[in-house]
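Chain by chain, the residues:
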Amino acid sequence: MNNQTTGDAMENILRRSGMSASTSKPEPIQCQHCGIDKEQIQVEHPFKKQLHWVSCACPCEVQEREDFKREQEAKEKRIRINKALKLSSAMEDIKSMTFENYIRRSGTESAYEQVMTAVEDFDKRGKLGIFIFGETGNGKSHLTAAGGNALINSGYAVVYITEKDLLSRLQATRNFNNPETFHEIMGACLEADLLIWDDFLSSQRLSNDEKDWIFQIINGRERANKPIWMTSNITPDEFESGSMAYKLDDKGRTWWRIIGNMDCVLNEAGNYRKSIAMARAMGISPAEYEKLAQEANHERTY
């Protein structure tokens, strides 16, 4: 292609993009959508030291493109959310857990405030997560699920999964006929806006592969600046002891990555399942039983 042909081709491209072929101001171009004359401005020709007239995009065209972009982003986000929800454990139970039906019992105050703050400041917090620990059955799972549901309703992709479910599903990917692949599960855990990891350290013994998978997720989300919310039944003594750090690896690197990226809070409430069972046996309400239990504990203390 000779220089003249190339030049002509470029001129055609510029004209199609709205640049006038001459330096004289052309007749205005009407917007095909609203019929208003488009604004015209002068810009320097890319190959000639001349100012040529160009018709600007009409405000309604700009709005149309911005609306289309928002629709595409919303569509992509819905796909990500649905993908995340597909991985979550016991989805029907989780969806029913909200702040509205969460029972704020004595001892849950700090954990409740921590989750509420994490929801309200989610975008500002980056990789800063939450580690809620305490007695089994005291509302840790409900509380984190309520926060996760609030974020889902705001358009975030959230994965809620128990440790046993996560590790068993990763293990099952070794089966040729398994419907999920390792990369699908790992990808969802790494890509979700929030990963809620329920019953962390509930496994009595972890294989080397399982320890490696846990590290991959912890490390991957740290690098991506994405948070994890964890619940665990470990005791305050276990939390403070150095032994927990070496349950995940012999150098403690996984544990300290977790703790270093978390707001750690003890849920001091007792086992609510126990309260329900004991209250039923005594013919009183769970609240009445817990009040009696607190009074008995107070008497033993003094």
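The preceding data block contains the structure.
Residues numbered from 1 in each chain as written. Predicted model: local features only at pLDDT ≥ 70, side-chain atom pairs only at ≥ 80, totals over all residues. Heavy atoms only, no water.

When helices and strands are tallied, the protein shows 14 helices and 7 strands. Counting every position in the protein, which comprises 302 residues, the buried fraction comes to 39%. Looking at the protein alone, contacts between residues at least 24 apart form 73% of all its contacts between residues at least 6 apart. Carbon and sulfur atoms make up 50% of the accessible area of the protein, which totals about 17900 Å². (Helix = DSSP H or I, 4+ residues; strand = E, 2+ residues; numbered from the N terminus. Buried < 20%, exposed > 50% of the residue type's maximum accessible area, 1.4 Å probe, protein only. Contact = heavy atoms within 4.5 Å. Areas by Shrake-Rupley, 256 points an atom, 1.4 Å probe, with all protein chains shown as cover.)

Moving on, we come to the pairing of strand 3 (residues 129–134). A large share of strand 3 lies buried, amounting to 6 of its 6 residues. Of the two faces of strand 3, the one lined by G129, F131 and F133 and the one lined by I130, I132 and G134 are each fully buried. Looking at chain direction, strand 3 and strand 7 (residues 262–267) are connected through 6 bridges and run parallel. Paired with G134 across the two strands is N267, which belongs to strand 7. (Pairing = 2+ DSSP bridges.)

A word on the side chain of R105. By the element assignment, R105 lies in the loop between helix 3 (91–95) and helix 4 (109–120). The exposure class of R105 is buried, given its relative accessible area of 8%. Setting aside chain neighbours within four positions, we find R105 in contact with N138, A269, G270, N271, Y272, S275 and E290.

Before going further, it helps to spend a moment on the packing of helix 8 (residues 182–191) against helix 9 (residues 208–223). Following both chains from N to C, one finds helix 8 and helix 9 inclined at 40°, their axes separated by 9 Å at the closest point. Relative to helix 9, the crossing made by helix 8 is right-handed. Along its contact with helix 8, which presents F182, M186, C189, L190 and E191, the element helix 9 presents W213, Q216, I217, G220 and R221. In terms of residue class, the contact of helix 8 with helix 9 is made up of 6 nonpolar, 2 polar and 2 charged. (Axes fitted to C-alpha atoms, helices over the stretch in contact; angles between N-to-C directions. Left-handed = near helix turned anticlockwise from the far one by under 90°. Nonpolar A, V, L, I, M, F, W, Y, C, P; charged D, E, K, R; others polar.)

Further remarks concern the packing of aromatic side chains. By the definition in use, this model includes 11 aromatic pairs. With a centroid separation of 5.9 Å and an interplanar angle of 80°, the aromatic rings of F99 and Y112 are classed as edge-to-face. In this pair, F99 sits in the loop between helix 3 and helix 4 while Y112 sits in helix 4, placing the two residues 13 residues apart along the sequence. A relative accessible area of 16% means that F99 is categorised as buried. (Phe/Tyr/Trp six-rings, centres within 6.5 Å; stacked < 30°, edge-to-face > 60°.)

On to the sheet that holds strand 6 (residues 228–232). If you trace the 5 strands from one edge of the open sheet to the other, you get 4-5-6-3-7, paired in parallel fashion. Two strands in the sheet have a free side with no partner beyond their single neighbour: strand 4 (158–162) and strand 7. Ignoring strand direction, the axes of neighbouring strands in this sheet form an average angle of 10°. Of the strands in this sheet, strand 4 and strand 5 (194–198) touch helix 7 (residues 163–172), which is tilted by about 90° from strand 4. Contacts between helix 9 and the sheet are confined to strand 5 and strand 6, with strand 5 contributing the most and set at about 145° to the helix.

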